[in-house]
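# Fold and contact review
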Amino acid sequence: MPSIDEFKGRIENIEKKYPYLVIEQDGKIEGYAYAGPFKERAAYDWSCELSIYVDHNARKCGLGRRLYEALEQELKEMGMLNLYACIGYPITEDEYLTRNSAEFHAHMGLKKVGEFHRCGYKFGHWYDMI
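First things first, this report covers the structure right here in the doc. (Residues numbered from 1 in each chain as written. Predicted model: local features only at pLDDT ≥ 70, side-chain atom pairs only at ≥ 80, totals over all residues. Heavy atoms only, no water.)

## With respect to the overall build of the protein chain
The test is simple: We count a stretch as a helix when DSSP gives it H or I for four or more residues in a row; a strand needs E for two or more, and each element gets its number in order from the N terminus. Here the globule rule is a power law, 2.2 Å times the number of residues to the power 0.38, and the radius of gyration is based on C-alpha atoms. Exposed residues in this analysis have more than 50% of their type's maximum accessible area, buried residues have under 20%, and partly exposed residues fall in between, with area computed by a 1.4 Å probe over protein chains only. We call two residues in contact when some of their heavy atoms are within 4.5 Å. Throughout, the Shrake-Rupley method with a 1.4 Å probe supplies accessible areas, and for residues the shown protein chains are the sole cover considered. In this tally, Asp and Glu contribute negative charge and Lys and Arg positive charge; neither His nor the terminal groups of the chain are included. Just so you know, the charge point we use is NZ for Lys, CZ for Arg, CG for Asp and CD for Glu.
A tally of regular secondary structure across the protein chain gives three helices and seven strands. Going residue by residue from the N terminus, the α and β elements of the protein chain occur as α-β-β-β-α-β-β-α-β-β. A compact globule built from 130 residues should have a C-alpha radius of gyration of about 14 Å, and the protein chain, at 15 Å, falls within 12% of that. Judged by the C-alpha coordinates and their principal axes, the protein chain covers about 40 × 40 × 30 Å. Taking all 130 residues of the protein chain together, 30% fall into the buried category. The contacts in the protein chain between residues at least 6 apart in sequence include a share of 49% that link residues at least 24 apart. Total accessible area computed for the protein chain in this model is approximately 9200 Å², and 51% of it derives from carbon and sulfur atoms. Computed over 17 positive and 21 negative side-chain charges, the inter-centroid distance for the protein chain is 5 Å.

And the structure:
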């Protein structure tokens, strides 16, 4: 888990070019969403990768939708044409990763266009990416 200083540094770096949004309820951060480069080449400057994190206890109540819709609007105003999400996908669901994120993105209208097998390793497990 990153330290607070490392997390602040990540946010500051992202905000140099992209939006970083946070959603709170009753003073508690419930989630955040941000964009980043899709590829680090000028040819891809009109495309970006989306990331979203919502607290497990705050899921299924519309916060993720509100974050993503606000993020998409800001990116549209910036002239972004293509938005991508690279989603960790479990070979078998476990205590660390379910298919919830893939289902959320499909619900938001994103379409699966590819799959990488066993390309991510965390928590002692291999995961796919879609």
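## Remarks on the environment of Glu-49
Among the structural elements, Glu-49 can be located in strand β3 (residues 47–54). Here the alpha-carbon distance between Glu-49 and Tyr-84, two residues 35 residues apart in the chain, equals 4.6 Å.

## Digging into the side chain of Asp-128
Structurally, the position occupied by Asp-128 is in strand β7 (residues 125–129). Those residues in contact with Asp-128 that lie beyond four places of it in its chain are Ile-87, Gly-88, Tyr-89, Ile-91, Glu-115, Phe-116, His-117, Arg-118 and Cys-119.

## Some points on the sheet that holds β7
Quick reminder of the rule: Any two strands with at least two DSSP-identified bridges between them are counted as paired. Only the stretch in contact is used when fitting a helix axis, every axis being a line fitted to C-alpha atoms; angles between N-to-C directions are given from 0 to 180 degrees.
Strand order in this open sheet of three strands is β5-β7-β6, and the pairing throughout is antiparallel. On the outer flanks of this sheet lie β5 (88–90) and β6 (116–122), each paired with one strand and no other. If you compare each strand with its neighbour and ignore which way they point, the axes differ by 55° on average. Taken together, the three bridges between β5 and β7 define a ladder with antiparallel strand orientation. Bridging from a neighbouring strand, Tyr-89 pairs with Asp-128 of β7.

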